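# An overview of the molecular structure
Here is how the chains run, residue by residue.
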Amino acid sequence: MICCLQTLLLFLAQLVLSGWVLTAPTISDNFFYHDFLNGNSNKEIHFRGVKLHVDSALPSVFAARGGNVTMPCRFWHEPEVSSPREVRVKWSWLPATGGQETDVLVAIGSRSRIFGEFRGRVQLRQDFPGDAALVMTELQLNDTGRYRCEVVDGLEDKSSSVYLELRGVVFPYQHPRGYYHMSFLEAQQACDEQDSTLATFTQLFQSWKEGLNWCNAGWLADGTVQYPITRPRVPCGGNDLAPGLRSYGRRHRRLHRYDVFCFSSSLRGEVYYLQPSDKMNLTEAEQACQKDGADIAKVGQLYAAWKLAGLDRCDAGWLADGSVRYPINRPRTNCGSSEPGVRSVGFPPPQHKHGVYCYKSENERM
Ligand SMILES: *[C@@H]1O[C@H](CO)[C@@H](O)[C@H](O)[C@H]1NC(C)=O
Ligand SMILES: *[C@@H]1O[C@H](CO)[C@@H](O)[C@H](O)[C@H]1NC(C)=O
Ligand SMILES: *[C@@H]1O[C@H](CO)[C@@H](O)[C@H](O)[C@H]1NC(C)=O
């Protein structure tokens, strides 16, 4: 080691003597290419303070389920380098539910490797020099979270992040056996079963801004328990508290039990009301949808159709979880409250007679 250090110092002394001047770094993470140690002098830049920059341009991007999204990321050197440099680009993902950052894609030049569930759905854009944007297709509800673009050039390593948010609809969900019945895991399963996923804080906040007013506390993706209040009233924390999201903070994921806020986004299909000549019990309702080439609709599908496709129907119908609901966009007499919403009749005994909401996916329609 000592020998090398001496050589280096000697080398540097010679450079200074021969008229080279090393500029002092002005910023602490400034980086100098000391590639003379490797001896491949013709390929590398000598004694120039070249700094790598990485920028995402946007803090967050919004998309819908089934859609595509481009997460921007650009890198460049300052001062500009004359010949293109081979850098390593790595995208990783921190899910909205927390946990560990996982690899999405690693690329060097035109070679890339894609990991896990992202195979077949992501690629690096590379439209211009320094373009490291990630193009993602077939978005799923659980793709939300922080995507980090990391660029490595030699010893230098810079990164920048973009949040992926999905647009859609948030709905409160209660267990068939009553309120405050679900642990975090059970809440997650309940949303999954209703073609939805745990809502993120941003999604609940957005719904609150759009008027969601709900007095029961529910789990969110980050493990906190909250509820949105637009009109303060006594049973919901009192008249004195300002409107907003009321938070119980992070709760114990196994021991504590609440309702849940689920999130759904656009559908590749259609939800419709079906009522053959007679009303049906739950079993008959399921069969009626199947006979029609469809399935009994899930709660998330009814909410998505209500919010995103304007479904409006003043007939109570069975849904897959055994609840009976109906979607109202144009409030009118005898169709529930004066505000738009999905009305719930609760979970009646399965022998009760109602119509049914069915869901036909795009494939089934063709
Ligand atoms: C998403 O991208 C794929 C492939 O680039 C394209 O075939 C598809 O039509 C796009 N989908 C949407 C919803 O834009
Ligand atoms: C995300 O959702 C898809 C489709 O619903 C599912 O196949 C996948 O396992 C989910 N991924 C995670 C990490 O939960
Ligand atoms: C619904 O009615 C059918 C007869 O049409 C009966 O066989 C079935 O047990 C009933 N199901 C329920 C849940 O009541």
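Here's what I pulled together on the structure shown here. The structure presented is a predicted model; accordingly, all values stated were derived computationally and were not measured.

## Focus: the state of the cysteines
Following the criterion strictly, the structure yields four disulfides and no others. The disulfide bridge from Cys73 ends at Cys149, spanning 2.0 Å between sulfur atoms. Judged by the torsion about the S-S bond (-60 degrees), the Cys73/Cys149 disulfide is left-handed. One end of the pair, Cys73, is in the loop between strand 3 (69-71) and strand 4 (74-78); the other, Cys149, is in strand 10 (residues 145-153), and 76 residues separate them in sequence. Residue classification places Cys73 among the buried residues on the basis of a relative accessible area of 3%. Across a sulfur-sulfur distance of 2.2 Å, Cys191 and Cys262 are joined as a disulfide pair. Disulfide Cys191-Cys262: torsion about the S-S bond near -80 degrees, hence left-handed. Of this pair, Cys191 sits in helix 2 (residues 184-193) while Cys262 sits in strand 17 (residues 259-264), and the two are 71 residues apart along the sequence.

## So, the nonpolar core
Met71, Trp91 and Tyr147 are the most contacted members of the largest nonpolar core, which totals 86 residues. At six residues, the largest contribution of residues to this core is made by helix 5 (residues 299-308). Apart from residues lying up to four places away in sequence, Met71 is in contact with Val61, Trp91, Ala133, Leu134, Met136, Tyr147, Val162 and Leu164.

Conventions we followed
Residues numbered from 1 in each chain as written. Chains lettered and ligands numbered in written order. Predicted model: local features only at pLDDT ≥ 70, side-chain atom pairs only at ≥ 80, totals over all residues. Heavy atoms only, no water. Disulfide = S-S within 2.5 Å. Helix = DSSP H or I, 4+ residues; strand = E, 2+ residues; numbered from the N terminus. Buried < 20%, exposed > 50% of the residue type's maximum accessible area, 1.4 Å probe, protein only. Core = buried A, V, L, I, M, F, W, Y, C linked by side-chain atoms within 4.5 Å. Contact = heavy atoms within 4.5 Å.

Nothing here speaks to function; it is all geometry.
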